[in-house]
Structure formats: C-alpha cells, structure tokens
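Residue-level listing of the chains:
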Amino acid sequence: MTQGERRTPARRTVLGAAGATVLGASTALAAGTGTAQAADPRTGGAATHGHGRGYRSLPVPTVIGHRGASGYRPEHTLGSYQLALDLGAHVIEQDLVPTKDGHLVCRHENDISGTTDVADHPEFASRKTTKSIDGTTLTGWFTEDFTLAELKTLRAKERIPGTRQENTLYDGRWTVPTFEEVLRWAEDEGRRRGREVWLHVETKHPTYFRSLGLGLEERLAKQLRRYGRHRANSPVFLQSFEPSSIQRLAKLVDAPGVVLLSGASSRPWDFVQAGDPRTVADLVTPKGLRWIASYARGIGPTLDLVIPKDASGRLGDPTTLVRDAHAEGLILHPYTHRNENSFLPADFRRGTDPTAYGDAFGSLKRYLETGIDGIFADNPDTALLAAADLDTRG
C-alpha cells in the first residue's frame, strides 16, 4: 500500500462523501457505507446521540473531530467538518476568533498567515504586522484587522503542508466559515440525518479579544440562543483554556462548559493577567478539579496529563487524573491524537519517516484504556475503530 493510500479514508467513505466535501453540499451518504452513523462502542449499534438528552447520552468514548477531519482536509473548513461527520465523528470542533466588525469565524488562531492565502493578496500586504498574543510575539495577518467581507475574499489552505502533503490538494477550495454558517450547516445536517449534530466550540484568546472590545462570550451566547443551543441538554460543548471564559459563559447560557488544560507548569493567560499564581498542576489536583466542577462539566487535558511520557518520549504509567476528575463528576475529553509518527509517542512510531503513519491503534488503545470519556482526533475514523476495538476486546 502506498503512503497516499494509507492516509486516505476508506474508499467507500470518500465516494459517499464526495458531494458534500468537494462541492460543499449536504449530499447523503450512500446506504450501506457504514459511515452515515457511527457505531456506538457500548451497544454495537447506531450511535445514540438522542434528541435533547444532553451530553451524557453520547457514546463513550466520544470521538471529537479535531477542527473537523483535519488529518484529511484543511482544518476549520466546511469540507473538514463535513468529512468528520460523514466519517462518523460524534462531535465536531470549532475554534472561534472575531473579525474587525465583530463576526465570529472559525480559525484555530487569529493569525491566519499559515491557514489562508492572505500572503498572496497584495491589497492586504500593509495589514501584516507584529503583535503580542498571550505573551507570544507573532508577525503575520490577524482576523481582528479584517472585516468579514474582506476575510471572505481569502481561501483556506493546509496548515502543515510538509506533514500533510495530500491535504494541499484542497487548498483554495473553501473560504473561512463563520460560526453562524456552521450552525446552519449543523441544523441542515441534523434534519437530514434525523439526529442532533454535536459541536465542541472553543473561545480563543478571550482575554486578549476582550481588551480590544471584541468580547467573545456575549457574541457566542447570542448565536447559541438564536439557534437553540443554549440549554443544558443542547448538543454543544463550550471550551476554553481560560477558566474565566467558561465562568462567564456559565452566566449567559446553560450549555456544558469544558476547561482546557495544557502543560502542568503552564498558567492560563487569564490567571497571568489577574495575578493568580495557580498553574495547571494546581488545577488537576482534587482541590483544583473541585473548583472547576463548580462551574464546568468537564476538562480537556493534554494527553500528557493523562499518561506522561518519559525522557525518551515513550508512554509511562497513567496519572490519577481520570479517577480524580470522575470523582468530582467531570468528564474528560483529552487532546489531540494524530496518526503521523511525529505526533505519536516514541514507542508507537514506525519507521523513520516522521510524516508516515505509526501504530495509531496501539497508541489509542493505551489512552482509551485509562477510562477517558472521549478524545480529540485529527483522524476520527481511526479513533472510532480504536474505540470499537476496545469494546470488543475488553
């Protein structure tokens, strides 16, 4: 099997999803492809997403399409979201940043230098600038310096073309989607499939944007209410690396919040700005988790907080995080699993090519066996098969 074939979803999946992912339409999957609904590892049958039954009705482990199906399509495009849904992901992730005129758009970062063709637009050459975002100095083009109309003249492209060369085939096919466009897409797909389409929505750099008069939470809450996704049982998770953003959202809507947690020694940027000395290591203690549980329903830790790596990059023994979080009633959605060697623990890499696929199933097995409630995956089809393996072999 060639490397290109190894990285491509099952042929029937690609054919079934072609109309939706290439044309941006909501073409139904052909009957019998096995991808229109994900198998629920608990029941062996169709996924039980439910209608208004809340996040506890999701399959466990829940597979979250990280920025869509970003292992196969440029991230945060309607094509990436559509393919993730067609592959069977239970939840699809969006990251939100604002435009100059206050619209919420889906980009992992407000720096769009590497995810759009903005550098090829001479009319925007003067917009290139240097900024400090959460203490990091960046030079590039930023969404908050563009109106939505201007941003819509750009086209999305693959963020890591050196690693995912096949994805560059789709460069220029899609625009940067607004969150409202995604909400309409989710409504349309939900009606077509006869079930809710779940979203996992992150506020990016909320303290920074609030300082610019572009607060994210109020804008997000307004759109959630408009589309009926503001209730406790709505098919949406709200996530942020800044706890204060989840606390603010909890006062505006009842949708479940998830606090994202990076490296143990790091501090959330809102803590830095407020002079709060706590680190992530403090937040993953029973005391810290109890505090999170007072306003959120889950945590999204980096996978290293679930199973640390040793000095050689190999997986060690699991921490007590899963047990401790569950004791406080919190679910865990760790991030992010990817199939390429360069992203896998050293003991699951195969061969010397960093862009080739390693033993992704072996790696996923180790993580899923810890009892996590879900996982963010760039390759949701791989994660779904690993979840099914865990159920049948367990």
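Values in this document were obtained by computation on a predicted structure and should not be read as measured data. (Residues numbered from 1 in each chain as written. Predicted model: local features only at pLDDT ≥ 70, side-chain atom pairs only at ≥ 80, totals over all residues. Heavy atoms only, no water.)

A.B. asks: So what about the packing of aromatic side chains? Which residues, and what values?
C.D. replies: Applying the stated criterion to the full structure yields nine aromatic pairs. Ring plane angle 65° and centroid distance 5.0 Å describe the contact between Y208 and F209, whose orientation is recorded as edge-to-face. For Y208, a relative accessible area of 12% gives the class buried. Look at F241 and Y335: their rings are 5.8 Å apart centre to centre, the planes differ by 90°, and that puts the pair in the edge-to-face class. Linking F241 in the loop between β7 (236-240) and α8 (243-252) with Y335 in the loop between β10 (331-332) and α14 (360-368), this pair joins segments that are 94 residues apart in sequence. An aromatic cluster of three or more residues is present, and its members are Y55, W198 and F237. Sitting over the ring of Y170, R73 keeps its end group 4.1 Å from the ring centre. (Phe/Tyr/Trp six-rings, centres within 6.5 Å; stacked < 30°, edge-to-face > 60°. Buried < 20%, exposed > 50% of the residue type's maximum accessible area, 1.4 Å probe, protein only. Helix = DSSP H or I, 4+ residues; strand = E, 2+ residues; numbered from the N terminus. Lys NZ or Arg CZ within 6 Å of the ring centre and 35° of its normal.)

A.B. asks: Give a description of the environment of F361 that names residues and reports values.
C.D. replies: Mapped onto the fold, F361 is located in helix α14. Its relative accessible area of 38% is what places F361 among the partly exposed residues.

A.B. asks: Quick one: what's the story with the pattern of salt bridges, residue by residue and with numbers?
C.D. replies: All chains considered together, the criterion is met by 27 salt bridges. Across the pair K131 and D145 runs a salt bridge, and its minimum N-O distance is 3.0 Å. Pair noted here: K131 is in strand β4 (residues 129-133) and D145 is in the loop between β5 (136-140) and α4 (148-151), with a separation of 14 residues, a long-range link. Taking relative accessible area as the criterion, D145 reaches 21% and is therefore assigned partly exposed. One salt bridge in this structure joins R191 and D188, with 2.5 Å as the shortest N-O distance. Of the two residues, R191 and D188 are both situated in helix α5 (residues 179-193); the distance of three residues between them amounts to about one turn of the helix. Given a relative accessible area of 39%, D188 falls into the partly exposed group. Members of the salt-bridge network, linked through shared partners, are D86, E189, R192 and R193. (Salt bridge = Lys/Arg side-chain N within 4 Å of Asp/Glu carboxyl O.)

A.B. asks: Give me helix α3 (residues 78-87): which residues, what numbers.
C.D. replies: Counting buried positions over the ten residues of α3 gives nine, a clear majority of the element. All of the buried residues in α3 are G79, S80, Y81, Q82, L83, A84, L85, D86 and L87. A positive backbone phi angle near 110° is found at G88, which sits one or two residues after α3.

A.B. asks: Summarise the packing of helix α7 (residues 216-226) against α8; cite the residues concerned and give the values.
C.D. replies: With their axes 10 Å apart at the nearest point, α7 and α8 run at an angle of 40° to one another. With respect to α8, the element α7 is oriented oblique. In the crossing of α7 with α8, the sense of the turn from one axis to the other is right-handed. Seen from α7, the contacting residues are E217, E218, L220, A221 and R225; seen from α8, they are S245, R248, L249 and L252. When its residues are assigned to classes, the contact of α7 with α8 shows four nonpolar, one polar and four charged. (Axes fitted to C-alpha atoms, helices over the stretch in contact; angles between N-to-C directions. Parallel < 35°, antiparallel > 145°, perpendicular 65-115°, else oblique. Left-handed = near helix turned anticlockwise from the far one by under 90°. Contact = heavy atoms within 4.5 Å. Nonpolar A, V, L, I, M, F, W, Y, C, P; charged D, E, K, R; others polar.)

A.B. asks: Can you break down the pairing of strand β11 (residues 374-377) residue by residue, with the values?
C.D. replies: Residue alternation in β11 divides its side chains into two sets, G374 and F376 and I375 and A377, and both sets are buried. Alignment of strand β1 (residues 62-65) against β11, held across four bridges, turns out to be parallel. Bridging from a neighbouring strand, I64 pairs with F376 of β11. (Pairing = 2+ DSSP bridges.)

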